[in-house]
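Analysis of the macromolecular model
Listed here are the chains, written in short residue letters.
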Amino acid sequence: QVQLVESGGGLVQPGGSLRLSCAASGSIFSINAMGWYRQAPGKERELVAAITSGGSTNYADSVKGRFTISRDNAKNTVYLQMNSLKPEDTAVYYCNAAIVVYSGLPGDYWGQGTQVTVSS
């Protein structure tokens, strides 16, 4: 059994910052790519940022230069530092991870989502 637990969402004013965290726990053998997605009301879920086990990253064009993804492999945790937030960043943010469990079967796991609201 694997769980992804997110934290750090909330309400922030435009131009402000938030840091999201997502910790994976359970019968984890290894974690490959980890990432953050978001879904705004009436829109499809979209990739925000992703990071490989080796530390290579990629970002959506809309967040480049403002958001930074990082991970702590020892803690099975991925972070998303969000700076210069805009109202259009308002969405539910979901953590995603490609995890191999001890039974040897790889799987794609999701967190429960955390709300980020950017508003004055």
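The coordinates are above.
I will try to describe carefully the structure that is included in this document. (Residues numbered from 1 in each chain as written. Predicted model: local features only at pLDDT ≥ 70, side-chain atom pairs only at ≥ 80, totals over all residues. Heavy atoms only, no water.)

**Re the packing of aromatic side chains**
The criterion, for reference: For Phe, Tyr and Trp, rings pair up if their centres lie within 6.5 Å, where Trp contributes its six-membered ring, and each pair is then called stacked (planes under 30 degrees apart), edge-to-face (over 60) or tilted (otherwise). Think of it this way: any DSSP run of H or I at least four residues long counts as a helix, any run of E at least two long counts as a strand, and we number them from the N terminus. With a 1.4 Å probe rolled over the protein chains alone, any residue whose accessible area is under 20% of its type maximum counts as buried; one over 50% counts as exposed, and the rest are partly exposed. The rule for a charge over a ring is simple: NZ of Lys or CZ of Arg within 6 Å of the ring centre, and within 35 degrees of the ring normal.
For the structure shown, the criterion picks out two aromatic pairs. Plain terms: the ring middles of Phe29 and Tyr102 are 5.8 Å apart, the flat faces sit at 75 degrees to each other, and that makes the pair edge-to-face. Here Phe29 is found in strand E4 (residues 28-39), whereas its partner Tyr102 is found in the loop between strand E9 (91-101) and strand E10 (106-110), with 73 residues between them in sequence. Tyr102 matches Phe29 in its accessibility class, with the two residues each being exposed. We note Arg45 situated over the ring of Tyr94; from NZ or CZ to the ring centre the distance is 3.8 Å. When the ring centre of Trp110 is taken as origin, the NZ or CZ atom of Arg45, which lies over that ring, is 4.7 Å away.

**Let's talk about the side chain of Thr77**
Just so we agree on the cut-off: By definition, residues are in contact when any of their heavy atoms lie within 4.5 Å.
Mapped onto the fold, Thr77 is located in strand E8 (residues 77-82). Judged by relative accessible area, Thr77 falls into the buried class, the value being 8%. Excluding its chain neighbours within four sequence positions, the residues that come into contact with Thr77 are Cys22, Ala23, Met34, Ser70, Arg71 and Asp72.

**Notes on the state of the cysteines**
Our working rule: A pair of sulfur atoms, both from cysteines and within 2.5 Å, is called a disulfide here.
For the structure shown, the criterion picks out one disulfide. Two residues, Cys22 and Cys95, share a disulfide whose sulfurs are 2.1 Å apart. Judged by the sign of its S-S torsion, about -80 degrees, the cystine formed by Cys22 and Cys95 is left-handed. Taken as a pair, Cys22 in strand E3 (residues 18-26) and Cys95 in strand E9 lie far apart in primary sequence, 73 residues in all. In terms of burial, Cys22 and Cys95 fall into one category: buried.

**Section: the pairing of strand E7 (residues 67-72)**
In summary, the side chains of a regular strand alternate between the two faces of the sheet. Here is the rule: Two strands qualify as a pair provided that DSSP identifies no fewer than 2 bridges between them.
The alternating pattern of E7 places Phe67, Ile69 and Arg71 on a buried face, while none of Thr68, Ser70 and Asp72, on the opposite face, is buried. As paired strands, E7 and E8 are joined by six bridges and run antiparallel to one another. Within E8, the residue paired with Asp72 across the bridge is Thr77.

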